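# Coordinates in review
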Amino acid sequence: VTRVIDGSIATYNLATGAVRKQTATGFIPSYHLSCRNTSRPGWCYVAPYYEAGWDSTPMLREIFALKLDGTGTVERYSQTFGSANAVDLSYLRQAHAVPSPDGTGVLFASDWGNATGQAVVDTYVAGVNP
């Protein structure tokens, strides 16, 4: 099970109850996680989203995969290109990265930097060669 503790991505071993922080505390304050990559277990896909004052946050506006073995290994897929200060801060503007079953592709949303209320939020795919 993967969840957030003190701004850190953490994993829980359901059999033993052990908790392992996979990133530093306060790494990214807010993000969406997906571990739905059924043919690539042990990886979590992360899509941070912006809030005011987080401009210096590491990996902000990046789509990346994090290996859940404690090594901190990261595979970068794309920038989200989302607007920094959207007028409506809509949930629909957040990237919500979702991996393909084998983890070679990631689907995400972006307003492509248009911070106005009339922004179009489109869907994008980023991929890597296995």
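Residues numbered from 1 in each chain as written. Predicted model: local features only at pLDDT ≥ 70, side-chain atom pairs only at ≥ 80, totals over all residues. Heavy atoms only, no water.

What follows covers the sheet that holds strand β4 (residues 31–34). Either a parallel or an antiparallel arrangement is found when strands of a sheet pair, and the pairing is made through backbone hydrogen bonds. Spatial strand order, β4-β5-β6-β7: four strands in an open sheet with antiparallel pairing. Each edge of the open sheet carries a strand with a single partner, namely β4 and β7 (74–79). Along the sheet, successive strands turn relative to each other by an average axial angle of 20 degrees, direction set aside. In terms of strand pairing, strand β6 (residues 62–67) meets β7 through five bridges, oriented antiparallel. Residue pairing for β7: alanine 65 is matched across the bridge by glutamate 75. (Pairing = 2+ DSSP bridges. Helix = DSSP H or I, 4+ residues; strand = E, 2+ residues; numbered from the N terminus. Axes fitted to C-alpha atoms, helices over the stretch in contact; angles between N-to-C directions.)

Our next topic: the side chain of glutamine 94. Note that glutamine 94 resides in the loop between β7 and β8 (98–99). Accessibility expressed as a relative area gives 13% for glutamine 94, which makes it buried. Sequence-distant contacts of glutamine 94, that is, excluding residues within four places in its chain, are made with His32, Tyr49 and Ala109. (Buried < 20%, exposed > 50% of the residue type's maximum accessible area, 1.4 Å probe, protein only. Contact = heavy atoms within 4.5 Å.)

Think of a pair of aromatic rings as described by two things: how far the centres are apart, and how the planes are tilted against each other in angle. Scanning the entire structure with this criterion turns up four aromatic pairs. Taken together, Phe81, Phe108, Trp112 and Tyr124 form an aromatic cluster joined through their ring pairs. Sitting over the ring of tryptophan 43, arginine 40 keeps its end group 3.9 Å from the ring centre. (Phe/Tyr/Trp six-rings, centres within 6.5 Å; stacked < 30°, edge-to-face > 60°. Lys NZ or Arg CZ within 6 Å of the ring centre and 35° of its normal.)

Right, let's talk about unusual backbone geometry for a bit. Of note, the phi angle at histidine 96 is positive, near 50 degrees, even though the residue is not glycine. Position of histidine 96 among the secondary structure elements: in the loop between β7 and β8. Its relative accessible area of 23% is what places histidine 96 among the partly exposed residues.

Among the nonpolar cores identified, the biggest contains eleven residues, and these are Trp43, Tyr45, Ala47, Ile63, Ala65, Tyr77, Ala95, Ala97, Val106, Phe108 and Ala126. At the level of secondary structure, the elements contributing two or more residues to this core comprise β5 (43–48), β6 and β9 (105–110). The biggest single contributor to this core is β5, with three residues. If near-sequence neighbours (up to four positions away) are discounted, valine 106 is found in contact with Tyr45, Ile63, Tyr77, Ala97, Val98, Pro99, Tyr124, Val125 and Ala126. (Core = buried A, V, L, I, M, F, W, Y, C linked by side-chain atoms within 4.5 Å.)

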